[in-house]
Amino acid sequence: MISLMTKCLKNCRVKFQQTVPNRCLHPKVLFLRPDPTEVPKITNVDVVDFFGYRAEFQSDFESIVQERMKMLELMPKAQDELPPRTMKDSLVTAIIPLSSNRELRDRYLAASGQLRAGRLLEDTDIFAVYAAYNQLKNPKSEAAGAKVPHVVVTGCIDTIQLTPDLIKSTEDIRMSAHVSYVGKTSLEVCLSVDQKRGNAFSETIFEAIFVLVAKDAIGLGPGIVNPLIAETTEEKAYIDQAKERQSRRKFDAQESLTRRPPNELERQLIHNKFLERTKQGFTRGLSTNQKLMGDTKSSTIFICHPMFRNHFRKVFGGFIMRQAFELAYMNSFIYARQRPYVIAIDDIVFLQPVEIGSFLRFRSCIGFVKNNIIHTPVFAEIIDPASGEVSVSNEFNFTFRTNDPSISVPDLTFDTYAEAMTYVKTSL
C-alpha cells in the first residue's frame with residue numbers, strides 16, 4: 001500500500017509540473033523581511049482596534065450601512081483609476097507582547113504549558129487583512145476625507161507551515177506581512193510569525209499564505225484593488241512565483257474530487273483498503289490497533305454572538321479558524337492517545353460569510369493516518385434552526401504529528417464511499 005501511495009503522490013506531482021512548471025513550495029514566504037532586532041511599534045490589540053470593532057458595535061448599525069452606501073460612489077470602476085503600489089507599501093509588523101503582559105499571556109497559554117496555536121491562527125487572519133488594507137489607496141476616497149471604501153475578507157489560506165516544538169508561551173512574538181500578488185479584486189498576502197530569542201526575533205515558528213477577496217463598501221459587489229508593481233528584477237521573480245501559486249490553486253480546484261471521479265490510482269487505493277476489510281471479515285470487527293473512520297467523528301456547535309463579529313458584522317474568520325483547529329486537535333488527541341503537534345494546515349476555504357446569530361456547527365473526523373502523522377479535516381456548517389437547512393461555510397485540513405513512539409497510533413480504515421473520498425482527498 002505504501003508503494004502505491006508513493007506512486008500516486010509522484011503521479012500527482014508530475015501531472016502538476018507538466019501544467020505549472022517550477023512549483024514554488026515557499027519555504028520562506030516573505031520577500032521583504034524586517035531586521036531581526038526591529039521591534040514593532042504596534043501590538044496585535046492595535047490591529048484589532050484599527051478596524052473599530054468596539055466603536056462600530058456601540059453605534060447604530062443602520063446608520064453605518066447608510067454611510068457605507070454613500071461610499072459606493074467612491075469605488076473605482078477600473079484598476080487604472082488607482083495608483084500602483086509596491087510590496088514596501090503593504091509591509092507591516094506587529095508584536096504580541098507575551099513577556100510583559102501577563103493577562104495576555106494567560107489568553108495564549110494552553111493546558112500543556114505551550115502556546116495555543118489556535119490563538120495564533122486567529123491573530124494572523126486579521127493581520128493578513130490589515131496588511132491588505134495597506135495596499136489600498138484610493139484618491140477619490142482621500143479627497144472626500146472618507147475611509148477606504150472596500151471590505152476585505154479571507155477567501156482561502158493556501159498553506160500554513162508550523163514548527164510547534166519551538167513555540168514558547170513566555171516570549172514576545174512578531175508578525176510580519178506584505179502583499180505578494182494582486183489580481184483585479186483579489187490579493188495574496190505572505191505572512192511570517194517570529195519569536196524572540198535573546199535580543200532578536202530570530203526563530204521563525206509560523207509561515208502562511210493568505211488569499212483575500214476585496215468587495216465594495218457594503219460587501220456585496222466586487223472591489224477593485226490597486227495593482228502591484230515590482231521595483232527590482234528580484235521582486236518581479238517573487239511576484240511570478242505568486243502567479244505560479246495562483247495557477248496551482250486553479251489546477252487543484254479543477255482536480256478536486258467534487259468535480260471529477262477518482263482516477264485509476266485513487267480507485268486502486270480504495271480497492272486495496274476494501275480488500276483489507278474483506279480479509280478481516282466485516283462481521284468480525286477490526287484488528288487490535290485499527291479504527292473505523294466513522295468512529296472518529298466529533299462535533300461542536302456555537303451560537304454566533306456579536307463578540308465574534310468582524311468589521312462588517314459577519315462572524316470573524318479568525319474565530320472560525322480557532323474553533324476548527326481546537327476541535328481537530330482534541331479529536332486527534334483522542335485518536336492517538338497522546339498529545340498531537342500541528343505541523344501544517346492546508347486548503348482552508350471560506351465558502352460563505354456567517355451571520356451574527358447563526359448556529360455554527362463544526363464537524364471533524366480522522367481522514368488519513370500514516371505512522372505518526374494524522375490528517376484531520378474539519379467542516380464548519382451554518383444551521384438554520386427554523387428550516388433545518390445546513391450549508392457549509394468553511395473547510396479545513398490539519399496535519400498533526402505525534403512524538404511518543406511507545407504509543408502506537410491506530411491504523412485507519414473505512415466502510416462507506418463518502419469515507420473513502422475523505423480518505424483519498426486527505427491522503428493526497
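For the structure, see preceding data.
Notes on the structure follow. As the structure is a prediction and not an experimental result, all values here were calculated from the model.

1. Some thoughts on the overall build of the chain
For the chain, the helix and strand inventory stands at 12 helices and 13 strands. Taken across its 428 residues, the chain has 49% of its residues classed as buried. For the chain, contacts bridging at least 24 residues in sequence account for 79% of all contacts bridging at least 6. Total accessible area computed for the chain in this model is approximately 20,300 Å², and 54% of it derives from carbon and sulfur atoms.

2. Quick word on the packing of helix H7 (residues 117–135) against helix H11 (residues 317–336)
Close contact between H7 and H11 brings their axes to 8 Å; oriented N to C, the two are set at 160 degrees. It follows from the interaxial angle that H7 and H11 lie roughly antiparallel. In terms of crossing hand, the pair formed by H7 and H11 is right-handed. Facing Ala117, Gly118, Arg119, Leu121, Glu122 and Asp125 of H7, the residues of H11 in contact are Gly317, Gly318, Phe319, Met321, Arg322 and Phe325. Each residue belonging to the contact of H7 with H11 can be placed in one class, and the counts come to five nonpolar, three polar and four charged.

3. Points about the environment of Ile303
With respect to the secondary-structure elements, Ile303 resides in strand E7 (residues 298–303). Owing to a relative accessible area of 43%, Ile303 belongs among the partly exposed residues under this scheme. Sequence separation between Ile303 and Ser358 is 55 residues; the distance between their C-alpha atoms is 6.0 Å. Residues in contact with Ile303, not counting those within four places in the same chain, are Phe308, Ser358 and Phe359.

4. So, the pattern of salt bridges
In total, this model carries 18 salt bridges according to the counting rule given. For Arg361, the salt bridge goes to Glu381, with nearest N and O atoms at 2.8 Å. One end of the pair, Arg361, is in strand E9 (residues 359–364); the other, Glu381, is in strand E11 (residues 373–383), with 20 residues separating them in the sequence. A relative accessible area of 27% places Arg361 in the partly exposed class. Residue Glu381 is classed as buried on the basis of its relative accessible area of 5%. One salt-bridge network, held together by shared partners, links Asp158, Glu188, Arg245, Arg248 and Arg249.

5. A closer look at unusual backbone geometry
Phi angles above zero are rare outside glycine, and Arg337 is one such case at about 65 degrees. Secondary-structure assignment places Arg337 in the loop between H11 and strand E8 (340–350). Even without a glycine there, the phi angle at Asn371 is positive, about 60 degrees. Looking at the secondary structure, you find Asn371 in the loop between strand E10 (368–370) and E11.

6. Observations regarding the nonpolar core
Leu120, Phe127, Val189, Phe206, Ile320, Phe396 and Phe398 are the most contacted members of the largest nonpolar core, which totals 77 residues. The dominant element in this core, judged by the number of residues it contributes, is H7, at 11 residues. If we ignore the near neighbours within four places in the chain, the residues touching Phe396 are Ile320, Met321, Ala324, Asp346, Asp347, Ile348, Thr376, Pro377, Val378 and Ala380. With 17 residues, the next largest nonpolar core counts Ile270, Ile374, Leu412 and Val424 among its residues.

Procedures and definitions
Residues numbered from 1 in each chain as written. Predicted model: local features only at pLDDT ≥ 70, side-chain atom pairs only at ≥ 80, totals over all residues. Heavy atoms only, no water. Helix = DSSP H or I, 4+ residues; strand = E, 2+ residues; numbered from the N terminus. Buried < 20%, exposed > 50% of the residue type's maximum accessible area, 1.4 Å probe, protein only. Contact = heavy atoms within 4.5 Å. Areas by Shrake-Rupley, 256 points an atom, 1.4 Å probe, with all protein chains shown as cover. Axes fitted to C-alpha atoms, helices over the stretch in contact; angles between N-to-C directions. Parallel < 35°, antiparallel > 145°, perpendicular 65-115°, else oblique. Left-handed = near helix turned anticlockwise from the far one by under 90°. Nonpolar A, V, L, I, M, F, W, Y, C, P; charged D, E, K, R; others polar. Salt bridge = Lys/Arg side-chain N within 4 Å of Asp/Glu carboxyl O. Core = buried A, V, L, I, M, F, W, Y, C linked by side-chain atoms within 4.5 Å.

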